[in-house]
Amino acid sequence: MITTQLLRPESIVVVGASNNIHKPGGAILKNLINGGYCGELRAVNPKETEVQGVPSFADAKDIPDTDLAILAIPAAMCPDVVEVLAKEKRTRAFIILSAGFGEETHEGALLEERILETVNKYGASLIGPNCIGLMNTWHHSVFSQPIPQLNPQGVDLISSSGATAVFILESAVTKGLQFNSVWSVGNAKQIGVEDVLEYMDNTFDPEKDSRLKLLYIESITDPDRLLFHASSLIKKGCKIAAIKAGSSESGSRAASSHTGAIASSDSAVEALFRKAGIVRCFSREELTTVGCVFTLPELRGKNFAIITHAGGPGVMLTDALSKGGLNVPRLEGPLADELKSKLFPGAAVGNPIDILATGTPDHLRLCIDYCEEKLENIDAMMAIFGTPGLVTMFEMYDVLHEKMQTCRKPIFPILPSINTAGAEVSAFLAKGHVNFADEVTLGTALSRIFNASQPAANEIELFGVDIPRIRRIIDSIPEDGYIAPHHVQALLHSAGIPIVEEFVSGNKDEVIAFARRCGFPVVAKVVGPVHKSDVGGVVLNIKGEQHLALEFDRMMQIPEAHAIMVQPMLKGTELFIGAKYEEKFGHVVLCGLGGIFVEVLKDVSSGLAPLSYEEAYSMIRSLRAYKIIQGTRGQKGVNEDKFAEIIVRLSTLLRFATEIKEMDINPLLATEKDVIAVDARIRIEK
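Let me begin by describing the structure that accompanies this report. (Residues numbered from 1 in each chain as written. Predicted model: local features only at pLDDT ≥ 70, side-chain atom pairs only at ≥ 80, totals over all residues. Heavy atoms only, no water.)

1. A look at the nonpolar core
Spelled out, the test is: By nonpolar core is meant a set of buried Ala, Val, Leu, Ile, Met, Phe, Trp, Tyr and Cys residues that side-chain atoms within 4.5 Å join together. Think of it in three bands: with a 1.4 Å probe and only protein chains considered, a residue is buried below 20% of the maximum accessible area for its type, exposed above 50%, and partly exposed in between. In what follows, a contact means two residues having at least one pair of non-hydrogen atoms within 4.5 Å.
M382, F412 and L446 are the most contacted members of the largest nonpolar core, which totals 76 residues. Aside from chain neighbours lying at most four places away, what touches F412 is V293, L296, L299, F304, A380, M381, M382, A383, F436, L442 and L446. Residues L134, L197, L233 and C238 belong to the second largest nonpolar core, which totals 52 residues.

Structure follows, in structure tokens:
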């Protein structure tokens, strides 16, 4: 529950306030005062009548009615103080900085429960315990530093960890990133990351509220709620980037299927973020860099011009952009020659555009003008300008300031000399700009943003999927575990997934008769052992009856073998689709290259069922091996539309058969005309 008293309190009391600004109760009071809080400030300290110029009371029972209470006292004292304030002083918002609760001991968890019971009883908000507090443009209720520049259009930061929030702020302040609010939810006993997002979604005002959100998440307690409100905010025009730290035990347990071996809770997080449209980051530097990119005009294409006076950084940035699927197109022809003629001898314009260390502010202005007005194959510009310490850069940065205000195409300033040109960079940031001191981090951040998905549609694709039959098949299976091949085939047929004709029998004559009927060559596979290849249970390209008879006899001697499966021998590119049920998240669907490559290369992408066609295409195109799917070096590509269709159909099957806990379709054999399932395994738990 997020109340007005938490966000815009008319009065605040700091319980445990101190004159020692190196203690939490002293530091938070100092930040409130220095932050220009305009309401009534009070302190509770039994030894003082005044703390940092603020009236102090001996006991919480003595204060007037107060909207927000900030507690910086031992954990054991907190429940009683909360009870007094909520019951007698009409306090409807609490920020508990104190540690020593459920994060440490069972006794601490009981204290938390008492506090939660009280705040819920009186309809109050609770941030924490074990947090650094909450900061917005109304009040700076945090005990930490730095305090970033705050404005209503800055970034909203929501962090599970207080210390990490501080480190994120440290990273952001040096880049000039401004904030609207900073939420440290700590133990999140009442208000967690999902609750803050839900509030921001439900109360979103496009005229007043920030459209930029950064998240640091340690535990996703309610994936459905996170998905719903994050995607809702993005659809309303917001941009969200997030770090998810840690992984669950289920991701590391031994698994019997290919999918179980490579899927993890991290796959579920990846799938959730893809479905929501969240830009996923993996470090504080990435997160704050993405946040800075969010503040600039939106990219309309992926072609970049790099303007620099230092060749090396330009090359490293080119590599980073190219690795992320972005382009640094070669500039040539009459316009490039014309630009080169106006620069100093030795300058290069092929892209990167290197104006040399002796290049002037006028040269920078000229290059930007050409990219903005004349070079139509350029969508955005990157300007890398530092100093060797011999000159001041004020004029150069004034040109950047001017052009960033007037150009239609985004300009990304990369000003690495934050020490030798510290004054110049500070002056540039003071004008409201951001700075990307490291070009490779910027290139990585841009690729993450450019390759992020849009929020997925909520509709389930039902065409051609026989849901009643799927349920009848699942309900008819008597035992948990891997199901029989005929049940696998029936489920795939019910979902409209094409599967190669096959025959299973423990009778040699019946197996040979089927092979004769479908035509040689055939493939024979043992039925029983889970990993057929590991025990010699797969034989390809069997061209005659005698060979098949010999392999039948051999494979039936393999431990646990009870039958042989025979299929016609097909050719094509081997693909893979799998799924695993992840607690709270639902089914995570994976796709990639098939055969042995799925575990060797681990080049897979993930999505959260049910999937739309747009999500399926996004999964396929995010694979490192996507060029093989497209066709490369004279080899024909595969039917991408059919591959996407099977992914979508499988996700719909899983939506109505939650008993399926793990499954593989490996391989799918794909040609430019068709994609067909050759082998599949399904494990159920009822």
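Picking up after the structure, the text goes on.
2. Details of the sheet that holds strand β21 (residues 522-527)
Two orientations exist for strands paired in a sheet by backbone hydrogen bonds: parallel and antiparallel. How we decide: Two strands pair under a simple rule: DSSP has to find at least two bridges between them. Each helix corresponds to a stretch of at least 4 residues labelled H or I by DSSP, and each strand to a stretch of at least 2 residues labelled E; elements are numbered beginning at the N terminus. Helix axes are fitted only over the stretch in contact, all axes being lines through C-alpha atoms; the angle between N-to-C directions runs from 0 to 180 degrees.
Within the open sheet, the four strands sit side by side as β20-β23-β21-β22. Their pairing is antiparallel. On the outer flanks of this sheet lie β20 (503-505) and β22 (538-542), each paired with one strand and no other. The mean angle between the axes of side-by-side strands here comes to 20°, regardless of whether they run parallel or antiparallel. In terms of strand pairing, β21 meets strand β23 (residues 563-568) through six bridges, oriented antiparallel. Bridge pairing in β23 links V527 to A563.

3. Details of the layout of surface pockets
Here is the rule we go by: Any residue with an atom within 4 Å of a point lines the site, the site being either a cavity, points on a 1 Å grid over the protein atoms alone where a 1.4 Å probe fits but cannot get out, or a pocket, an open set with protein on both sides within 12 Å along at least 5 of 7 lines. Grid points are joined across faces, edges and corners, and a volume is the space filled by probe spheres set on the points. Each residue gets one label: Ala, Val, Leu, Ile, Met, Phe, Trp, Tyr, Cys and Pro are nonpolar, Asp, Glu, Lys and Arg are charged, and the others, such as Gly, are polar.
The volume enclosed by the largest pocket comes to roughly 1,600 Å³. Considering the residues around the largest pocket, the lining is formed by 39 residues, among which R274, N451, R621, S622 and L623 are closest to the centre. Per-element accounting of the lining of the largest pocket gives the leading share, six residues, to helix α16 (residues 439-451). The residue inventory of the lining of the largest pocket, partitioned by class, reads 14 nonpolar, 13 polar and twelve charged. Volume-wise, the second largest pocket comes out at about 720 Å³. Lining the second largest pocket we find 31 residues, and of these S533, V538, G595, N666 and P667 sit closest to its centre. Looking at the lining of the second largest pocket, the elements with two or more residues in it are β21, β22, β23, α21 (597-600), β27 (660-670) and β29 (680-684).

4. What to know about unusual backbone geometry
Cis peptide bonds are those with omega within 30 degrees of zero, and the linkage from N351 to P352 qualifies with 10°. Mapped onto the elements, P352 comes out in the loop between α12 (334-341) and β16 (353-354). Residue N666 is joined to P667 through a cis peptide bond whose omega torsion reads 5°. Position of P667 among the secondary structure elements: in strand β27. Positive phi outside glycine occurs at N130, with the angle close to 65°. One can find N130 in the loop between β7 (125-127) and β8 (133-136). Overall, the relative accessible area of 28% leaves N130 in the partly exposed class. The phi torsion at E560 lies on the positive side, around 75°, for a residue other than glycine. Residue position: E560 is located in the loop between α20 (545-555) and β23.

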